[in-house]
Structures are given as C-alpha cells and as structure tokens.
Amino acid sequence: MKGTRQLDSPWLHPRAAYVHIPFCLQHCSYCDFAVVAGRDERIDEYLDALGCELRGLQEPHPVATLFVGGGTPTHLNCVQLERLLDLLATWLPLEPGHEYTVEANPETLTDDRIALLASHAVTRLSLGAQSFSARVLTALTRSHHAADIRRSVTRARERIDTVSLDLIFGVPGTTLADWRQDLDETLSLGIGHVSTYGLTYEKGTLLWKQKRDGQVHALDEQTELTMYEHSMDRLQSAGFEHYEISSFARPGRRCRHNQVYWANHAYLGFGLGAARYVNGTREVNTRDLATYLDRCRSGRSPTMQSETLSPLDRARETLTVQLRRAEGIERMSFHAQTGFDLDELAGATIRRLVELALLADNGISVRLTRRGKCVADSLTLEFLK
Ligand code: SF4
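Residues numbered from 1 in each chain as written. Predicted model: local features only at pLDDT ≥ 70, side-chain atom pairs only at ≥ 80, totals over all residues. Heavy atoms only, no water.

This paragraph deals with unusual backbone geometry. In this structure, G71 follows G70 across a cis peptide bond, with omega equal to 20 degrees. The phi dihedral of Q58 falls on the positive side, at around 75 degrees, and the residue is not glycine. In this structure Q58 comes out as exposed when scored by relative accessible area, which is 71%. Of note in the backbone geometry, A357 takes a positive phi value of approximately 65 degrees without being a glycine. Tracing the backbone shows A357 in the loop between α13 (342-355) and β16 (359-361). (Buried < 20%, exposed > 50% of the residue type's maximum accessible area, 1.4 Å probe, protein only. Helix = DSSP H or I, 4+ residues; strand = E, 2+ residues; numbered from the N terminus.)

Quick look at the structure:
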C-alpha cells in the first residue's frame, strides 16, 4: 500500500540537531522567535536546564550538523559560552566532516568569543546583520551599527571557515536603491553565504502593532518583489548559487543543516521553543522560560506539543518543503522517502502550475521557475488544498 512501506532512513535517524539559546540584549520589533531579553541572570539556570534536557538522550548522539540558534548564542559571556560548547561537545559530538553553525549578532562577536567558537570546531557563523543602513537598523530596533558588521565579519573570517549574513528587505520607507546598497556592502565583505528575508509582520510583535495602528506602512508588494528579484540577479551574477528561496551560497558553502529541513529529514531539537522531527512525529518544546526551567530541572520533558503526521500528510509536507530548493522535488527520491508517487499525489496541480510557468518539470524533477520563486508561499498553499 502506498505510503506504508519501510521508508528511507533520513526520516528515522536524526544526524542533525538544533539547540536554542533564547537570550538577547533586547527584543527587536519584528521578532517572534522564542526570545528572553533583559533577563541575563537566568542564563546559568538555563544552561543547567539545557544540560538536564540533553541528559535525556541517555548517551551521546553523534551528529553531522549542529546548529546553535536563538536568540543570540553569542550574548552569553565567555564563561557561559564555553560551558554551552562543552555541554554540546559531550552530548552531541560531531561526526568527521561535520558542519557546526552558531548564530551571532555583530556587536557580540568579540575576538575572545570568536576564539572560543573556533577552538570548539565551529565551522559556520550566521550573522544577523539585517542591513548596513543606520536608518533601517533603527527602524528594526537593532542594537548594532554597520561598523560592527564589517569588523565582526573581518575578524570571524580569520578563524571560522564560512561566514553567512542574514539581510532583511522590504523595510518600511526603504527603496530599491537602499537594498542595492545593502547587497553591494555585503558582497564587498567577500563572504560565502547570504540569506535574504522579506520583512514580515508577525502577529503580536511591536512592528505588527505599529502597522495595525497606522504608525508604519508596509512597502507595496511590487517594490518588495523588485527587491527580491534584484537579490537573485545581483547575487547570482556575483557567483552565488540561489539554492533555496531565501538562501544564496558560493559553491561548496551551502548550509547543510538547513538542507536537512528542506529535505524534510529527521532532526533533533533542544532548548526553549525548539522543535524536533523524527519518524513523522513533530514535537515542540514550551516557549515559556519558567516552565522550561521547571520541567527540565525536575526531570520532566519540556515538550508541549506532539503531532504524528499521517503518511499522506508527511508526503504533502515533504513536497512543499522540497519545493523551496533549487533542485526541487526529485521523483525517485521522493518516492523512496515518502512511499508516494509524486504524480499520483499532486499531478494535476503540478501540470496546472507548469502551464502558468510557475513550475518547471523535466520528467525527473519538478522545481520553481523564477516567477514561481516570487510567489512561492501561495504556491505552497495550492499543494495543501
Ligand atoms: S537579536 Fe535576533 S533573536 Fe534576538 S530579538 Fe532580535 S531578531 Fe530576535
């Protein structure tokens, strides 16, 4: 029967792990991640609790990719950061040829923190730069300056293999010229990876409230689309591969950890609000700090949500995440992974979107066209109807 045979092992055996460090200097206006700002006195307790959660593994679990995100992991002082890195080295040892990413904010990336990360085999730094424009950084309530980005990138590149910059476009009041300037500045730094995100107004954030109350006005869709198209043109002409809707890498510099998510393979997750996905079951930890600390320290699971997807839902989800990738959905590996035939599952929708020039189908795989990438979110919905 479709969808029920023994599936490929990437569903079953996670070789990727995410660890969440929620602490930040301040809460940026647009951010809806699990963040704890201005509560640094809780960091040591948090590391205690994280250690308890990791001990739930019972034995060390080797991983090929490890991603420490946040929050701002580099907001921890050096003693705390070293404690974190040692904890992870114990419970999530790295396989040979590993990729180890840590997220950082430019103003926190001091030489001593860079040295600590390098000495613990970190291979990638993902920097939340967002923009080089003082006006945009203020609008986003970021606490760094363009000079912090340039300094931290230069210093990090001396010790860490790959440096990636996150940038945000579509900020109210900005123009295409502003965005061009941000991309030019980014390229001048000679880094290997760039992620570009359109600003979103997540419900409950300060920015969302400002928009609701008429204090800020979102950019019109066409300007935002032009910015996105400029990212594709500018970064690809500079030698970057556009390997996922929001991600650009020089050859050999793709983020292997994020590719696990876009393949819909299994991964582990630890820390406040962290998610894990193993054998079709997705679990999410509590986002409440007090609950997380209490549960972990008393030996209980911090998991607050658990959902086991049906084989059909798993296949549909795989389809939508794999569509984000430049290589799209490869029919044979999709069948091996999900047990479903892509065309039986979604043939009519694929044909309709190919006719609209939003998808390209060469018989082996299906992928987004340039036009399709511009409307990727609405295309995803077409497959979930
Ligand atoms: S620094 Fe990053 S994680 Fe922290 S509040 Fe700002 S956007 Fe969110």
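Here the narrative resumes.
This part covers the pattern of salt bridges. Within this structure, the stated rule accounts for 27 salt bridges. Of the charged contacts, one joins E53 and R276 as a salt bridge, the two residues approaching to 3.3 Å between their closest N and O atoms. In this pair, E53 is assigned in helix α1 (residues 43-55) and R276 in strand β12 (residues 275-278), connecting sequence segments 223 residues apart. Across the pair E241 and R254 runs a salt bridge, and its minimum N-O distance is 3.2 Å. Of the two residues, E241 is situated in strand β9 (residues 241-244) and R254 in the loop between β10 (247-249) and α9 (256-263); the sequence distance between them amounts to 13 residues. Given the relative accessible area of 27%, R254 is considered partly exposed. (Salt bridge = Lys/Arg side-chain N within 4 Å of Asp/Glu carboxyl O.)

This brings us to the site of the ligand. Near the ligand, the surroundings consist of C24, Q26, H27, C28, Y30, C31, F33, V35, G71, T72, N105 and R142. When grouped by side-chain class, the residues that make up the shell around the ligand number 6 nonpolar, 5 polar and 1 charged. (Near = heavy atom within 4 Å. Nonpolar A, V, L, I, M, F, W, Y, C, P; charged D, E, K, R; others polar.)

Moving on: helix α3 (residues 111-119). R113, I114, L116 and L117 are the residues of α3 that are buried. Looking straight down α3, one finds its buried side chains confined to an arc of 160 degrees; they lie on one side. Note on α3: the residue one or two positions beyond its end, A121, has a positive phi of about 70 degrees. (Arc of directions from axis to C-beta.)

Sheet topology places β12 next to strand β13 (residues 281-285); 4 bridges connect them, and they run antiparallel. Note that in β13 the partner of Y277 across the bridge is R282. (Pairing = 2+ DSSP bridges.)

With that settled, consider the environment of V68. If you trace the backbone, V68 turns up in strand β4 (residues 63-70). Excluding its chain neighbours within four sequence positions, the residues that come into contact with V68 are V19, I21, P73, L84, L88, Y100, T101, V102 and E103. (Contact = heavy atoms within 4.5 Å.)

Before going further, it helps to examine the domain arrangement of the protein. For the protein, the assigned domains read domain 1 (9-263) and domain 2 (315-384). Placing the centre of domain 1 and that of domain 2 at their C-alpha centroids yields a distance of 28 Å. At the interface, 15 residues of domain 1 touch 14 residues of domain 2. When domain 1 packs against domain 2, the two sides together hide about 1,400 Å² of surface, and 51% of this comes from carbon and sulfur. Looking only at domain 1, the three residues that lose the most surface to domain 2 are W11, I245 and W262, adding up to 40% of its buried area. Applying the counting criterion to the domain 1 and domain 2 interface returns 4 salt bridges. Salt-bridge contacts for R370 lead to E229; the nearest nitrogen and oxygen are separated by 3.3 Å. Connecting domain 1 to domain 2 are 8 residue pairs in polar contact (both at pLDDT 80 or more). (Domains from an automatic or database assignment. Buried area = accessible area lost by both parts, 1.4 Å probe. Polar contact = N/O pair within 3.5 Å; in protein donor to acceptor, adjacent residues only side chain to side chain.)

Summed over the entire model, instances satisfying the criterion amount to 8 aromatic pairs. Centroid distance F169 to W179: 5.3 Å. Interplanar angle 50 degrees. Geometry classified as tilted. One end of the pair, F169, is in strand β7 (residues 162-169); the other, W179, is in helix α6 (residues 176-188), and 10 residues separate them in sequence. The same class applies to F169 and to W179, which are both buried. Positioned over the ring face of Y201 is K211, at 4.9 Å from the centre of the ring. The lysine or arginine in question, R282, covers the ring of Y277, its NZ or CZ lying 4.4 Å from the ring centre. (Phe/Tyr/Trp six-rings, centres within 6.5 Å; stacked < 30°, edge-to-face > 60°. Lys NZ or Arg CZ within 6 Å of the ring centre and 35° of its normal.)

A few words on the sheet that holds β12. Strands sit in the order β12-β13-β14 across an open sheet of 3 strands; the sheet is antiparallel. Bordering the open sheet on either side are β12 and β14 (303-308), each of which pairs with just one other strand. Neighbour-to-neighbour, the strand axes of the sheet open up by a mean angle of 15 degrees, direction not taken into account. (Axes fitted to C-alpha atoms, helices over the stretch in contact; angles between N-to-C directions.)

Another point: helix α2 (residues 78-91). For α2, which comprises 14 residues, the first-to-last C-alpha distance of 20 Å matches the rise-based estimate of 20 Å (1.5 Å per residue) to within 8%. Those residues of α2 not exposed but buried are Q80, L81, L84, L85, L87, L88 and W91. Projected down its long axis, α2 shows its buried positions confined to an angular sector of 160 degrees, all on one face. The opening residue of α2 is N77, an N-cap whose side-chain oxygen sits 3.1 Å from the backbone nitrogen of V79. (Expected span 1.5 Å × (residues − 1).)

Glancing now at the sheet that holds strand β17 (residues 365-368). Pairing is antiparallel in the open sheet, where 3 strands are placed in the order β15-β17-β16. Edge positions in the sheet fall to β15 (329-330) and β16, since each has one partner strand and no second.

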